[in-house]
Amino acid sequence: AQSVTQPDIHITVSEGASLELRCNYSYGATPYLFWYVQSPGQGLQLLLKYFSGDTLVQGIKGFEAEFKRSQSSFNLRKPSVHWSDAAEYFCAVGARAGGFKTIFGAGTRLFVKA
Amino acid sequence: DAGVIQSPRHEVTEMGQEVTLRCKPISGHNSLFWYRQTMMRGLELLIYFNNNVPIDDSGMPEDRFSAKMPNASFSTLKIQPSEPRDSAVYFCASSSSGGLETQYFGPGTRLLVL
């Protein structure tokens with residue numbers, strides 16, 4: 001069965017520092033991979049997605065993610081974090097199982113310190 | 001576009017009462033998803049519809065939960081009778097193509113069952 005693991009429950013980085021959020025997935029075929037962000041009191045918003053092609057995917061707000069099949073990973077990165085990036089980040093894997101189902105990871109909460 | 005609309009935004013009720021959550025998806029989207037988010041269990045897919053037809057309801061916790069989508073612009077999630085453990089934030093999301101495309105989330109309904 002497909003699953004998503006986000007090893008870090010929370011991460012704290014300084015404003016201006018680089019960021020990497022880890023995501024590992026389990027799925028037998030080529031996965032559809034997503035990163036969503038949730039600001040406090042809000043719904044989730046898509047940052048980026050990978051279906052096929054170039055394994056380095058660019059998203060909104062300066063985020064990017066790299067799909068590494070050999071490591072079953074889809075880590076999210078940003079070269080310079082802004083205070084407004086403080087939020088919860090969810091990695092998700094989608095798979096065809098009858099219809100289509102998206103499985104979300106537990107989330108990583110990002111704290112940004114001045 | 002107004003985005004996904006959910007009502008009410010907050011609901012406080014007493015154990016045993018019926019609760020109805022409502023969702024209006026983005027116009028033109030043919031897939032609709034109901035999620036539940038709690039601290040303990042994270043984000044869980046409850047059910048999703050494609051072209052108004054329920055495709056996967058394996059996430060619905062028990063018979064107390066039911067969901068309907070009578071037309072392309074409206075869906076309800078009903079809990080009867082409600083229990084304190086149903087307290088959570090319930091999100092509705094819609095997408096244009098069965099979940100392979102970006103899911104757009106509503107702001108959520110925060111439910112508290114006393």
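From a predicted model like this one, the values you see are computed outputs, not experimental measurements.

(A) Summary view of the interface of chain A and chain B. Contacts between chain A and chain B engage 18 residues on the former and 19 residues on the latter. For the pair chain A and chain B, the summed buried surface comes to about 1,600 Å²; carbon and sulfur atoms form 53% of the total. Our count for the chain A to chain B interface comes out at 4 residue pairs in polar contact (both at pLDDT 80 or more). Partitioned by chemical class, the residues of the side of chain A that touches chain B number 9 nonpolar, 6 polar and 3 charged.

(B) Up close: the packing of aromatic side chains. A full pass over the atoms with the stated rule returns 15 aromatic pairs over all chains. Joined through ring pairs, the aromatic side chains of Y32(A), F34(A), Y36(A), F51(A), F104(A), F33(B), Y35(B), Y48(B), F91(B) and F105(B) make up one cluster.

(C) Local environment of the confidence of the model for chain A. With 96% of its residues at a pLDDT of 70 or more, chain A has an overall mean of 91. Across chain A, the element-wise mean pLDDT spans from 77 in strand β11 (residues 99-104) of chain A up to 98 in strand β3 (residues 19-21) of chain A.

(D) Layout of the state of the cysteines. Scanning the model with the defined rule gives 2 disulfides over all chains in all. Between the sulfur atoms of C23(A) and its disulfide mate C91(A) the distance is 1.9 Å. One disulfide, between C23(A) and C91(A), carries an S-S torsion of -65° and so falls in the left-handed class. With C23(A) in the loop between β3 and β4 (24-26) and C91(A) in strand β10 (residues 87-97), the pair connects residues that are 68 residues apart, well separated along the chain. We classify C23(A) as buried; its relative accessible area is 0%. A relative accessible area of 0% means that C91(A) is categorised as buried. At a sulfur-sulfur separation of 1.9 Å, the disulfide partner of C23(B) is C92(B). Judged by the sign of its S-S torsion, about -65°, the bond between C23(B) and C92(B) is left-handed. Taken as a pair, C23(B) in strand β3 (residues 19-24) and C92(B) in strand β9 (residues 88-95) lie far apart in primary sequence, 69 residues in all. Across this residue pair, the class does not change: C23(B) and C92(B) are buried.

(E) Representation of the environment of L114(B) within the structure. Residue and element names in this part refer to chain B. Looking at where L114 falls in the secondary structure, it is placed in the segment after β11 (109-113). Look at L114 and you get exposed, because its relative accessible area is 56%. With 27 residues separating them along the chain, L114 and S87 place their C-alpha atoms 8.5 Å apart. The residues touching L114, leaving out its near neighbours within four places in the chain, are V12, T13, E14, M15 and P84.

(F) Molecular detail of a nonpolar patch on the surface. Together, V12(B), L112(B) and L114(B) line one region of the surface with nonpolar side chains, adding up to about 290 Å² of accessible area. Inspection of the secondary structure assignment puts L112(B) in strand β11.

(G) Representation of the sheet that holds β3(B) within the structure. Residue and element names in this part refer to chain B. Across the sheet, which stays open at both edges, the 4 strands sit in the order β1-β3-β8-β7 with antiparallel pairing between neighbours. Looking at the sheet topology across the chains shown, the edges are occupied by β1 (5-7) and β7 (65-71). Between one strand axis and the next, the sheet turns by 15° as a mean value, whatever way the strands run. Pairing of β7 with strand β8 (residues 74-79), which is carried by 5 bridges, proceeds in the antiparallel orientation. Residue F65 lies in a different strand from β8, and its bridge partner there is I79.

Criteria and cut-off values
- Residues numbered from 1 in each chain as written.
- Chains lettered and ligands numbered in written order.
- Predicted model: local features only at pLDDT ≥ 70, side-chain atom pairs only at ≥ 80, totals over all residues.
- Heavy atoms only, no water.
- Contact = heavy atoms within 4.5 Å.
- Buried area = accessible area lost by both parts, 1.4 Å probe.
- Polar contact = N/O pair within 3.5 Å; in protein donor to acceptor, adjacent residues only side chain to side chain.
- Nonpolar A, V, L, I, M, F, W, Y, C, P; charged D, E, K, R; others polar.
- Phe/Tyr/Trp six-rings, centres within 6.5 Å; stacked < 30°, edge-to-face > 60°.
- pLDDT = per-residue confidence, 0-100.
- Helix = DSSP H or I, 4+ residues; strand = E, 2+ residues; numbered from the N terminus.
- Disulfide = S-S within 2.5 Å.
- Buried < 20%, exposed > 50% of the residue type's maximum accessible area, 1.4 Å probe, protein only.
- Patch = residues over 30% accessible without salt bridge, like charges linked within 9 Å, V, L, I, M, F, W, Y side chains within 5 Å.
- Areas by Shrake-Rupley, 256 points an atom, 1.4 Å probe, with all protein chains shown as cover.
- Salt bridge = Lys/Arg side-chain N within 4 Å of Asp/Glu carboxyl O.
- Pairing = 2+ DSSP bridges.
- Axes fitted to C-alpha atoms, helices over the stretch in contact; angles between N-to-C directions.

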